[in-house]
Amino acid sequence: MKADLELSYDPSPTTESKLLVGHFVRRQGQFGTVAVVGRVSPGGVETISEPKRLFPRDGFVETHGPGHHAGLNPGDWVNFDVVKNPRPRAPEYKVVHLKRLPRFAVLPESTMPAYRALLTREGWAGDARPGLWAFRLSSDMVLVAELEGAKDRRLRLTRVAAREVKCYCYDENSIVRLGTGKTFDDVFIMPEDGPMTSFDWSDEADHIGRVIRSLAGANDPRFSEIMTWLDLHHEEGTGRVSAASGDKEAALEALRSGELAARLRADRELMDVYLAAALQNDAVREAVAAYVKDGHGAEWKRLQAELAEEIAIEKAGRLEVLSSEIDAERAAGVARMEHELAQHDGASRATQAARFEQAERDVAIRIKGLEATYAIRRDELDRGIADQAEALTDARADVVATEAELKGLRGEADDARGRLADLKREIDRLLAIAERLGPADPLAASASPRAGGIVRAFPNYLKSGVVAKAEIISRNIMLSENGKELLNSLLVMFLSGEMPILVGEQVADLLLVAETIICPGRYVSLEADPTLISLDDLWARPGSGMPTLLASAADAASDGGAVLIAIHGIERSGARFWMPALAEALRRGGLPRSLFVCCTVRDRDHDEVRALPNDAPWIEIADAFRPEAYSTAPTLLSQSRIILETLDPGPMPADLSAVSAMTLGLEQHRSVGLVMRAARMFAEATILLGDEQEARRLVLNLVKPLAPKSSQ
């Protein structure tokens, strides 16, 4: 029943063709698995996109028995039919009618003896996988044979396969490309009509062994046993069959056994006669021995030597002919090149001569044009020199007139000084008389806070706003770009109520320029000393109680005009005590907004400097002036060239809600005081510069050095 099941297979509705194509996966005992890849179609192989749907679980079918597994290696390609598998817990389908498919390769063009030598002795190095292979030859023939591997990783025909190498006609539709998911192979689908021919490529030893084995089979006792069995079957069959029985099949089998027995007996007798004749004939025996001894090797060597000699003669002859042809072609080429070179040389000379003549004409025209231009330019220069000489004469006359006028002005100035000296003497005389007379009210005189103190007079010029001062700073020709940046930073700090500490060799020069721009004539310079300890010491001299210049400056700043104060050498005083109080008073509006205070340090390594608060702003003054500033300073800083206008800072910005830490880029610094100071600087810088981006950049440069210290 099992055999009937395999032979009467009815394909499943899921398959369109009985023959399928796949590759052998593995073998486990007497069972194996084949992965289904496609199905055979008239045009080749049609790939199955989802084998798991046709063959559930994993797309595999099962093989069973040595008949399926003989010669199969993992990865070999096969075509097969399938039937339902009755084995439990196994793949749903099993393989029947399995047939191996050879891998396909193309050999280079050669002769049939060369192909035989390659596949039998030399070995093919195109692949290292043994198995069934198909090779296309130059004559559109395809050889199919079994190849085995060797230690040199070359493939050669097996001994058995060499006895019959089948040859098929090449058809490009028989070549299909199949893949396992990782690798791809070209596979040859062998035609159903079989090979068109075959070759015996076995070596001499195998051929002689087969002849000897066939001859030795003539005396095999099994032939006698087979003939005896056939005779017995013939006699038994003829004895059971009668004319009336009607059993023709039994009669035919008996007759067939008798015929086979007679044929074997006749073949055995013929082989005995042939073997006896071969062994008794000395010529035949010597020829066989010589063939066995030398074989085809000697004949092959002889033919190879003859062929090599013919090749050498042919090579020498062809080389001689080729050499003569090359010499002739080279001589013709040299002559042709010389002729072309001569023609090219003549043409090039003519072209160069024409170009040279044209260049000479162009140069002559250019020279004439330059001469005309030179004459015109020379006339213009002569007229310019004459005009300049006339202007110089006028200037010299003006200088003479100016010197005379200056001499007169100096005389007038001397007269004015004399009158001023007379007035001073008269004032001194009147003051002396007033002192001798004494005050009319002694109590009022004792209540005056400035009795005996130093009273500084500050000029009251016209007032201008912050934007006007910013324009003057931007147009100043003494300051470099860095100097303008420093002066803008200094002015922003003053307007924000900050008290910066200035260091550097150009501090005094920058303060002088700042005075002329911000508040001409309203500048106070104080030298700190050890008696300066508390904030009160800045307003009244210790011991005497007399008002200081800073007190006078504060009174002058109360009217709205800016006054600039510089306290020099603060390390010589108790700066650690009075500086925080003064900075807080300036920052919170306890002092007039127009009072601008800065400090300077001469010794930065002094202990008093190290004791200063960490949030005190420092500004390094360097590279503030242009190189020509020092030569033009007397002219640019003279009172006649200065714009005599005092800065009016205006009201303090009261609403800072529009300024946030995110705007200033200080969101990572968790200090409310620092953010408030930066917000006020940003508001003042925006008014001064008129550009929020520039204001933000300037404030960040001022505040970032304070941020790490303030967050500590």
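Residues numbered from 1 in each chain as written. Predicted model: local features only at pLDDT ≥ 70, side-chain atom pairs only at ≥ 80, totals over all residues. Heavy atoms only, no water.

Examining the overall build of the chain
Right, on to step 1. Within the chain, the regular secondary structure consists of 20 helices and 21 strands.
Right, on to step 2. Residue burial in the chain is summarised as follows: out of 712 residues, 34% are buried.
Right, on to step 3. Once local pairs closer than 6 in sequence are excluded, the contacts in the chain between residues at least 24 apart make up 70%.
Right, on to step 4. Per element, the accessible surface of the chain, about 43,900 Å² overall, is 57% carbon and sulfur. (Helix = DSSP H or I, 4+ residues; strand = E, 2+ residues; numbered from the N terminus. Buried < 20%, exposed > 50% of the residue type's maximum accessible area, 1.4 Å probe, protein only. Contact = heavy atoms within 4.5 Å. Areas by Shrake-Rupley, 256 points an atom, 1.4 Å probe, with all protein chains shown as cover.)

A closer look at the pairing of strand S3 (residues 44–47)
Right, on to step 1. Taken together, the four bridges between strand S2 (residues 31–41) and S3 define a ladder with antiparallel strand orientation. Considered in S3, the bridge of serine 41 is made with glycine 44.
Right, on to step 2. Between the antiparallel neighbours S2 and S3 lie two residues. (Pairing = 2+ DSSP bridges.)

A few points about the confidence of the model for the chain
Right, on to step 1. In this model, the chain carries a mean pLDDT of 81, and residues with pLDDT of at least 70 account for 79%.
Right, on to step 2. No element of the chain has a lower mean pLDDT than helix H1 (residues 2–7), at 32, and none a higher one than strand S19 (residues 595–600), at 95.
Right, on to step 3. Taken as a whole, residues 1–16 scores under 50 in pLDDT and shows 19 contacts with residues more than four places along the chain or in a different chain.
Right, on to step 4. For residues 438–452, every residue scores under 50 in pLDDT, and the model assigns this stretch eight contacts once sequence neighbours within four places are set aside. (pLDDT = per-residue confidence, 0-100.)

What to know about a nonpolar patch on the surface
Right, on to step 1. Taken together, Leu420, Leu423, Ile427 and Leu431 make up a surface patch of nonpolar side chains, about 390 Å² in accessible area.
Right, on to step 2. The exposure class assigned to isoleucine 427 is partly exposed, which follows from its relative accessible area of 46%. (Patch = residues over 30% accessible without salt bridge, like charges linked within 9 Å, V, L, I, M, F, W, Y side chains within 5 Å. Salt bridge = Lys/Arg side-chain N within 4 Å of Asp/Glu carboxyl O.)

A short note on the environment of proline 108
Right, on to step 1. Mapped onto the secondary structure, proline 108 falls in the loop between strand S7 (103–106) and helix H4 (112–122).
Right, on to step 2. Distance from proline 108 to leucine 137, taken between C-alpha atoms, is 7.3 Å for residues 29 residues apart in sequence.

Topic: helix H16 (residues 629–636)
Right, on to step 1. Three or more residues of H16 are buried, namely Ala629, Ala633 and Leu636. Buried residues of H16, viewed axially, fall in a sector of 90°; they line one side. Along H16, exposed side chains directed more than 90 degrees from the buried face belong to Ser631 and Pro634. (Arc of directions from axis to C-beta.)

Here's the deal with the side chain of aspartate 76
Right, on to step 1. Note on placement: aspartate 76 falls in the loop between helix H3 (66–69) and strand S5 (77–84).
Right, on to step 2. Its relative accessible area of 6% is what places aspartate 76 among the buried residues.
Right, on to step 3. There is a polar contact of 2.8 Å between the side chain of aspartate 76 and the backbone nitrogen of asparagine 73.
Right, on to step 4. A polar atom in the side chain of aspartate 76 sits 3.4 Å from the side chain of arginine 103.
Right, on to step 5. Sequence-distant contacts of aspartate 76, defined by excluding residues within four places in its chain, comprise Gly22, His23, Phe24, Gly71, Arg100, Arg103 and Pro130. (Polar contact = N/O pair within 3.5 Å; in protein donor to acceptor, adjacent residues only side chain to side chain.)

Comments concerning the sheet that holds strand S18 (residues 563–568)
Right, on to step 1. In spatial order, the strands read S17-S18-S19-S16-S20; together these five strands make up an open sheet with parallel pairing. Only two strands of the sheet have a single neighbouring strand rather than two, namely strand S17 (523–527) and strand S20 (618–620). Across the sheet, the mean angle separating the axes of adjacent strands is 25° when strand polarity is ignored.
Right, on to step 2. Of the strands in this sheet, S17, S18 and S19 are in contact with helix H13 (residues 549–557), which crosses S18 at around 160°.
Right, on to step 3. Helix H14 (residues 575–587) rests against strand S16 (501–503), S18 and S19 of the sheet, and its axis sits at about 155° to S19. (Axes fitted to C-alpha atoms, helices over the stretch in contact; angles between N-to-C directions.)

Digging into the packing of aromatic side chains
Right, on to step 1. As enumerated under the stated definition, the model contains nine aromatic pairs in all.
Right, on to step 2. Aromatic ring contacts, followed pair by pair, group Trp124, Trp133 and Phe135 into a single cluster.
Right, on to step 3. For arginine 87, the ring lying beneath its charged end belongs to phenylalanine 31, and the centroid distance is 4.0 Å. (Phe/Tyr/Trp six-rings, centres within 6.5 Å; stacked < 30°, edge-to-face > 60°. Lys NZ or Arg CZ within 6 Å of the ring centre and 35° of its normal.)

A look at the state of the cysteines
Right, on to step 1. Using the criterion set out here, one finds zero disulfides in the structure.
Right, on to step 2. Cysteine cysteine 167 is unpaired, with the sulfur of cysteine 169 as its nearest cysteine sulfur at 7.2 Å.
Right, on to step 3. The exposure class of cysteine 167 is buried, given its relative accessible area of 0%. (Disulfide = S-S within 2.5 Å.)

Looking at the packing of helix H11 (residues 481–495) against helix H18 (residues 672–689)
Right, on to step 1. The N-to-C vectors of H11 and H18 enclose an angle of 125°; their axes lie 9 Å apart at closest approach. Looking at the two axes, H11 sits oblique to H18. When you trace H11 past H18, the crossing you get is right-handed. When H11 is examined against H18, the residues Asn488, Leu491, Val492, Met493 and Leu495 are found in contact with a partner set consisting of Arg680, Met681, Glu684, Ala685, Leu688 and Leu689. (Parallel < 35°, antiparallel > 145°, perpendicular 65-115°, else oblique. Left-handed = near helix turned anticlockwise from the far one by under 90°.)

With respect to the nonpolar core
Right, on to step 1. Counting residues in each nonpolar core, the largest one holds 53 residues, and the members touching the most others are Leu491, Leu502, Leu511, Ile518, Leu564, Phe596 and Leu647.
Right, on to step 2. Elements with a minimum of two residues in this core: helix H10 (466–475), H11, helix H12 (507–518), S18, S19, H16, H18 and helix H19 (692–703).
Right, on to step 3. If we ignore the near neighbours within four places in the chain, the residues touching leucine 502 are Leu490, Val507, Leu511, Cys598, Cys599, Thr600, Val601, Ile619 and Ile621.
Right, on to step 4. Membership of the second largest hydrophobic core comes to 33 residues, among which are Ala528, Ala556, Ile565 and Trp578. (Core = buried A, V, L, I, M, F, W, Y, C linked by side-chain atoms within 4.5 Å.)

Digging into the pattern of salt bridges
Right, on to step 1. Taken as a whole and judged by the stated rule, the model has 30 salt bridges.
Right, on to step 2. Residue glutamate 694 is joined to arginine 697 by a salt bridge in which the shortest nitrogen-to-oxygen separation is 2.9 Å. Of the two residues, glutamate 694 and arginine 697 are both situated in helix H19; the distance of three residues between them amounts to about one turn of the helix.
Right, on to step 3. On the accessibility criterion, glutamate 694 (35% relative accessible area) is partly exposed.
Right, on to step 4. Residue classification places arginine 697 among the partly exposed positions, given a relative accessible area of 35%.
Right, on to step 5. Taken together, the shared-partner salt bridges in this structure form one network comprising Glu498, Glu584, Arg587, Arg588, Asp615 and Arg677.

Let's talk about H10
Right, on to step 1. Val466, Lys469, Ala470, Ile472 and Ile473 are the residues of H10 that are buried. Projected down its long axis, H10 carries its buried residues within an arc of 160°, all on one side.
Right, on to step 2. Buried residues in H10 make contact with strand S15 (462–464), H11, H12, strand S21 (645–647) and H18.

What about unusual backbone geometry?
Right, on to step 1. Even without being glycine, arginine 153 reaches a positive phi, approximately 60°.
Right, on to step 2. Among the residues examined, arginine 153 registers a relative accessible area of 61% and is labelled exposed.

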